Amino acid sequence: MKYGKGIAALLCTALLAGTLAGCGKKEADAGMEPVKGRYTEREEALPTELEGWTVKQMFLEEEKVHLLAAGNEEGKIVLREWAQTDDGFADVTRDWMAGLELPVSGEWVELRLLVPGEGKRCLYAGYVETGEEDFKAHLWTGENGDVKDITPEKWKTFIEELGGYEMPTGIAALDNGTLAVLSYTSADILDGQDGTVLESGEMSAQYDNIVSDGKNIWIYAAYSDNAGLTLEKREEGKANDVETVTFPQGDGQMHFCSMKDGTLVLAGEDGIFRGTKDAGAEGGAAWEKLMAGVETDFGLSDRWCTGIAAREDGVIYALFQKSGGGSLLKKYEYDPDAVIEVTEELKLYTVYESALLNQAAAMYHREHPEVMISIEYEYPRYYYGETDYNAVYQKLNTMLMGDEAPDILVMDHLDIDSYADKGLLEDINDIVGPMEEKGELLSNITSAYLREDGHRYVIPLEFSFNMAVGRDITAEDMASVEALAAFLAAQDCSYMGPLTVSELADRFYPYFCNEIVDGKRLDPEALGRYLEALKVIGDNSGILEAHDKDSRACNVWELASEAKLAFENVEGFNNAMFPLAVRDYIQGEFAAFENCFIPMLQMGICVKSGYKDRAGDFLKYILSETVQQTDAYGGFPVNAAALEENARKDRSEAEAETEIMADGAAVEFRIGSYSQETADKLTDMCRELERPAGEDEKIREVLTEALEGYLKGTQSLEETVRKTEDGLKMYLAE
């Protein structure tokens with residue numbers, strides 16, 4: 001893929017003078033005493049009796065860890081509470097809770113055990129009951145050993161505007177015996193004895209989570225963005241006494257707790273932080289980084305945190321759920337004798353954040369405590385805006401000219417050939433080649449990066465492919481541009497719905513972008529053949545000047561209603577669940593379009609790196625089955641064994657329910673696991689992909705402009721070919 005080829009070439013030229021300088025590295029000075037004292041992570045053993053149970057919650061009571069666990073007995077959810085003792089954990093379930101059996105439909109149930117002062121207990125549970133369709137919230141407490149239903153009346157009332165019942169997004173207990181509740185409609189204070197609503201007010205849509213330090217509640221958004229996180233403190237839950245604290249960094253899911261003395265703790269992928277409200281300016285706080293995310297389970301993508309808690313002595317606990325099932329309890333504690341072991345720090349630069357990169361860096365650090373892989377990225381994982389590639393080139397080339405250049409580069413959407421040809425990338429074929437020969441890698445993917453001279457400068461760590469999904473069409477007829485055109489030429493109804501010229505070009509040009517270029521010139525015969533196919537496809541679809549404000553191009557969501565053919569970029573077995581569920585619903589077929597793969601995380605090593613051997617070892621590690629076996633919705637793995645293992649995994653935890661439009665009405669739609677036969681078919685497709693899709697911003701721009709008249713019938717094929725040739729002549733000659 002080549003974005004801004006001109007600026008890339010211009011800036012790369014300036015780099016050649018600095019190729020011998022050392023890359024961004026940090027080393028411990030020889031002879032210096034190692035620094036002692038740091039926070040460490042260790043796993044706390046859970047009761048063996050909880051095997052097969054799910055630990056839903058962790059909280060502190062009198063500085064001891066308590067766990068709420070859920071199990072399934074004869075189709076009903078049963079609950080147990082466990083408390084930390086000097087010898088491990090003990091079952092402390094109260095009789096009223098032990099007798100509860102929740103008739104939950106499916107696996108989804110929200111649970112929260114609350115302590116509203118003096119050791120009392122309230123249990124919140126939200127679920128869809130067996131035989132019903134609507135989610136409902138429930139609240140119980142114990143009275144004289146018996147269960148007492150204290151569900152607020154407002155939770156039992158159907159809300160027409162929501163199309164359902166009240167759905168709390170957060171609930172916490174205060175020491176004064178009340179409960180604070182956030183929902184999509186309000187912020188309420190409940191009596192913990194009988195569930196009566198004591199106070200109610202409007203709630204800002206930006207907040208969806210809540211914690212309590214006993215005296216106060218803190219509300220915040222569980223997912224932050226690059227703007228940081230805002231924490232709103234309410235004394236005794238009251239909206240008329242509000243303070244705010246800001247956490248200026250991080251994106252993604254954040255976990256928060258507050259100690260009774262006002263000390264705040266935040267944890268997420270960026271690390272574990274401790275702050276004090278009274279420090280700094282108004283609305284600010286002094287934040288201390290206790291541990292980097294890469295040193296903790298927060299940096300691993302095959303598990304997710306469900307809550308944190310901090311003791312008064314500074315010890316922090318975090319509860320994690322593992323992909324595939326199982327719970328982990330981690331303890332973070334300051335050890336004055338623990339040595340800071342990092343002696344080598346490598347910088348990895350990528351345009352986009354990646355779960356796989358974060359996972360690999362964390363796992364590698366665990367195996368090599370002396371090495372830290374620091375990841376710098378421009379855009380977070382879930383960024384959907386425009387990417388300024390000129391700014392990216394400017395920054396990357398400035399770094400490469402300096403002393404703090406990256407050791408490892410991820411080259412997605414950058415002009416790889418330009419950097420390689422100017423000697424800025426290390427040849428990695430001695431790493432990749434042997435792995436291919438042993439069958440460890442999918443050579444149909446990785447061999448595309450082996451040059452005729454035997455050199456290889458980057459390798460994709462993951463890949464995706466464009467899945468064509470359709471009804472009233474065979475897999476063969478939608479497998480390529482030309483096959484699709486031949487099929488649509490005989491149809492009298494639109495299969496994909498109306499498209500603009502740019503949408504049509506964007507959808508199909510990556511699959512012939514490389515085919516129409518022969519060296520430094522355009523191949524007019526190949527171009528003409530594809531243009532004719534696009535004209536047929538465009539005629540069947542219908543070409544628009546632009547969509548109106550209430551419409552858009554059809555995609556997989558419309559296959560049950562107005563469209564018969566759509567495309568979905570599939571990034572792994574879990575990610576394939578949605579388009580395949582639609583395929584099943586419409587009783588259609590699917591194909592890997594043009595047998596092309598879309599490379600992802602194209603990694604190379606900077607030739608200036610002072611840690612080339614270490615960078616090469618990390619590259620080999622990130623290509624291993626150990627790292628690549630986690631399906632984090634990033635892409636299919638290039639490791640062959642990991643691909644097979646992912647195909648066999650249970651995907652039930654990724655199932656979901658939503659609505660889809662069919663015959664003009666919204667209907668319930670389940671995104672469920674697909675069969676092993678389908679998983680094997682996906683695996684075969686991955687192994688049969690033949691070439692990478694190509695993208696070139698200049699070719700796209702010129703082609704889109706030339707297509708306008710041709711698709712509208714005001715310009716001949718010959719004229720369209722000529723306009724495209726003229727527009728690209730100088731560009732291809734560079």
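Residues numbered from 1 in each chain as written. Predicted model: local features only at pLDDT ≥ 70, side-chain atom pairs only at ≥ 80, totals over all residues. Heavy atoms only, no water.

Draft legend 1. Region of interest: the overall build of the chain. Helices and strands together make up the secondary structure of the chain, namely 17 helices and 42 strands. The C-alpha radius of gyration computed for the chain amounts to 29 Å, which stays within 12% of the reference 27 Å derived for 734 residues, consistent with globular compactness. Taking all contacts inside the chain whose residues are at least 6 apart in sequence as the whole, residues at least 24 apart take part in 63%. (Helix = DSSP H or I, 4+ residues; strand = E, 2+ residues; numbered from the N terminus. Rg over C-alpha atoms; globule rule 2.2 N^0.38 Å. Contact = heavy atoms within 4.5 Å.)

Draft legend 2. Structural context of unusual backbone geometry. At Glu594, a position not held by glycine, the phi torsion is positive, near 60 degrees. Structurally, Glu594 is set in the loop between strand E37 (589–592) and strand E38 (596–605).

Draft legend 3. Seen up close, the packing of aromatic side chains. Under the defined criterion, the tally for this structure stands at 27 aromatic pairs. Ring geometry for Phe567 and Phe593: centres 5.0 Å apart, planes at 75 degrees, overall edge-to-face. Residue Phe567 is found in strand E36 (residues 565–570), and its partner Phe593 is found in the loop between E37 and E38; the two are separated by 26 residues along the sequence. Overall, the relative accessible area of 11% leaves Phe567 in the buried class. Through pairs of rings, three or more aromatic residues link up here, namely Phe463, Phe465, Phe573, Phe597 and Phe636. A cation sits over an aromatic face here: Lys136 above Tyr165, 4.9 Å from the ring centre. The ring of Phe590 carries the charged tip of Lys681 above its face, separated from the ring centre by 4.4 Å. (Phe/Tyr/Trp six-rings, centres within 6.5 Å; stacked < 30°, edge-to-face > 60°. Buried < 20%, exposed > 50% of the residue type's maximum accessible area, 1.4 Å probe, protein only. Lys NZ or Arg CZ within 6 Å of the ring centre and 35° of its normal.)

Draft legend 4. Quick look at the state of the cysteines. As enumerated under the stated definition, the model contains zero disulfides in all. The cysteine Cys257 is free of any disulfide, with Cys305 supplying the nearest cysteine sulfur at 9.8 Å. (Disulfide = S-S within 2.5 Å.)

Draft legend 5. Main features of the sheet that holds strand E18 (residues 229–235). Taken in spatial order, the four strands line up as E15-E16-E18-E19 in an open sheet, and their pairing is antiparallel. A strand with exactly one partner marks an edge of an open sheet, and here the two such strands are strand E15 (209–212) and strand E19 (242–247). Here the strands of the sheet are splayed against their neighbours by 25 degrees on average, with no regard to which way each runs. Relative to strand E16 (residues 216–220), E15 runs antiparallel, the two being bridged by four bridges. Along E16, the bridge assignment pairs Val211 with Trp218. (Pairing = 2+ DSSP bridges. Axes fitted to C-alpha atoms, helices over the stretch in contact; angles between N-to-C directions.)

Draft legend 6. The confidence of the model for the chain, seen in detail. Looking at the chain, pLDDT values average 89 and 93% of them are 70 or higher. Per-element confidence in the chain is highest for E37, whose mean pLDDT is 98, and lowest for helix H1 (residues 5–13), whose mean pLDDT is 49. Residue range residues 1–7 is modelled with pLDDT below 50. Its contacts to residues more than four positions away, or to other chains, number 23 contacts. Confidence drops under a pLDDT of 50 for residues 16–22, and excluding neighbours within four residues, the segment shows ten contacts in the predicted structure. (pLDDT = per-residue confidence, 0-100.)

Draft legend 7. Seen up close, the nonpolar core. In terms of nonpolar packing, the biggest core is built from 97 residues, with Met603 and Ile622 touching the most fellow members. Take this core: its biggest share by element is seven residues, from helix H3 (residues 355–367). Counting 45 residues, the second largest nonpolar core, distinct from the first, contains Val501, Tyr511, Leu717 and Tyr731. (Core = buried A, V, L, I, M, F, W, Y, C linked by side-chain atoms within 4.5 Å.)

Draft legend 8. Structural context of the environment of Glu708. By the element assignment, Glu708 lies in helix H16 (residues 697–711). On a C-alpha basis, the gap between Glu708 and Val501 in space is 6.3 Å, while along the polypeptide they are 207 residues apart. Polar contacts involving the side chain of Glu708 include one to the side chain of Lys712, which spans 2.6 Å. (Polar contact = N/O pair within 3.5 Å; in protein donor to acceptor, adjacent residues only side chain to side chain.)

Draft legend 9. Geometry of the sheet that holds strand E12 (residues 178–183). One open sheet holds the four strands; their spatial order is E11-E12-E13-E14, and the pairing between them is antiparallel. Of all the strands in the sheet, just strand E11 (168–173) and strand E14 (197–201) have a single pairing partner and so form its edges. Averaged over neighbouring strand pairs, the angle between their axes works out to 15 degrees when direction is ignored. Relative to strand E13 (residues 187–191), E12 is paired through five bridges, and the arrangement is antiparallel. Note on E13: the bridge partner recorded for Ala180 is Ile189.

Draft legend 10. Representation of the packing of helix H8 (residues 481–488) against helix H10 (residues 524–541). Contact geometry for H8 and H10: axes closest at 9 Å, N-to-C directions at 45 degrees. Here H8 lies oblique to H10, going by the angle between them. For the element pair H8 and H10, the recorded crossing hand is left-handed. Between H8 and H10, the residues in contact are Val481, Glu482, Leu484, Ala485 and Leu488 and Arg529, Tyr530, Ala533, Val536, Ile537 and Asn540, respectively. A per-class count over the contact of H8 with H10 returns eight nonpolar, one polar and two charged. (Parallel < 35°, antiparallel > 145°, perpendicular 65-115°, else oblique. Left-handed = near helix turned anticlockwise from the far one by under 90°. Nonpolar A, V, L, I, M, F, W, Y, C, P; charged D, E, K, R; others polar.)

Draft legend 11. Highlighting the packing of helix H9 (residues 501–508) against H16. Remark: H9 packs on H16, axes separated minimally by 9 Å, with the N-to-C direction vectors making an angle of 125 degrees. Taken together, the axis directions place H9 and H16 in an arrangement best described as oblique. Pair H9 / H16 crosses with right-handed handedness. Contacts between H9 and H16 pair Val501, Ser502, Leu504, Ala505 and Asp506 from the former with Arg700, Thr704, Leu707, Glu708 and Leu711 from the latter. For the contact of H9 with H16, a count of residues per class yields five nonpolar, two polar and three charged.

Draft legend 12. Geometry of the environment of Ala486. Relative to the elements of secondary structure, Ala486 occurs in helix H8. Given a relative accessible area of 57%, Ala486 falls into the exposed group. For the pair formed by Ala486 and Gly325, sequence separation is 161 residues and the distance between their alpha carbons is 48 Å.

Draft legend 13. Fine view of a negative patch on the surface. Judged by side-chain charge, Glu677, Asp680, Asp684, Glu688 and Glu690 come together as a negatively charged surface patch. Structurally, Glu688 is set in helix H15 (residues 676–688). (Patch = residues over 30% accessible without salt bridge, like charges linked within 9 Å, V, L, I, M, F, W, Y side chains within 5 Å. Areas by Shrake-Rupley, 256 points an atom, 1.4 Å probe, with all protein chains shown as cover. Salt bridge = Lys/Arg side-chain N within 4 Å of Asp/Glu carboxyl O. Lys, Arg positive; Asp, Glu negative; His and termini not counted. Charge placed at Lys NZ, Arg CZ, Asp CG, Glu CD.)

Draft legend 14. Expanded view of helix H17 (residues 717–733). The terminal C-alpha atoms of H17, which comprises 17 residues, lie 24 Å apart, in line with the 24 Å expected from a rise of 1.5 Å per residue. In H17, a bend of some 35 degrees at Gly727 exceeds every other bend along the element. Of the positions making up H17, those classed as buried are Leu717, Thr720, Val721, Thr724, Leu728, Tyr731 and Leu732. (Expected span 1.5 Å × (residues − 1). Bend = angle between axes of the 7 residues up to and from the residue.)

Draft legend 15. Spotlight on the pattern of salt bridges. Enumeration according to the criterion identifies 47 salt bridges in this entry. The salt bridge partner of Lys331 is Glu333, with a shortest N-O separation of 3.6 Å. Overall, the relative accessible area of 10% leaves Lys331 in the buried class. Its relative accessible area of 31% is what places Glu333 among the partly exposed residues. The partner of Arg670 in a salt bridge is Glu655, with the nearest N and O atoms 2.4 Å apart. Here Arg670 is found in strand E41 (residues 665–671), whereas its partner Glu655 is found in the loop between helix H14 (640–648) and strand E40 (656–662), with 15 residues between them in sequence. Owing to a relative accessible area of 45%, Arg670 belongs among the partly exposed residues under this scheme.

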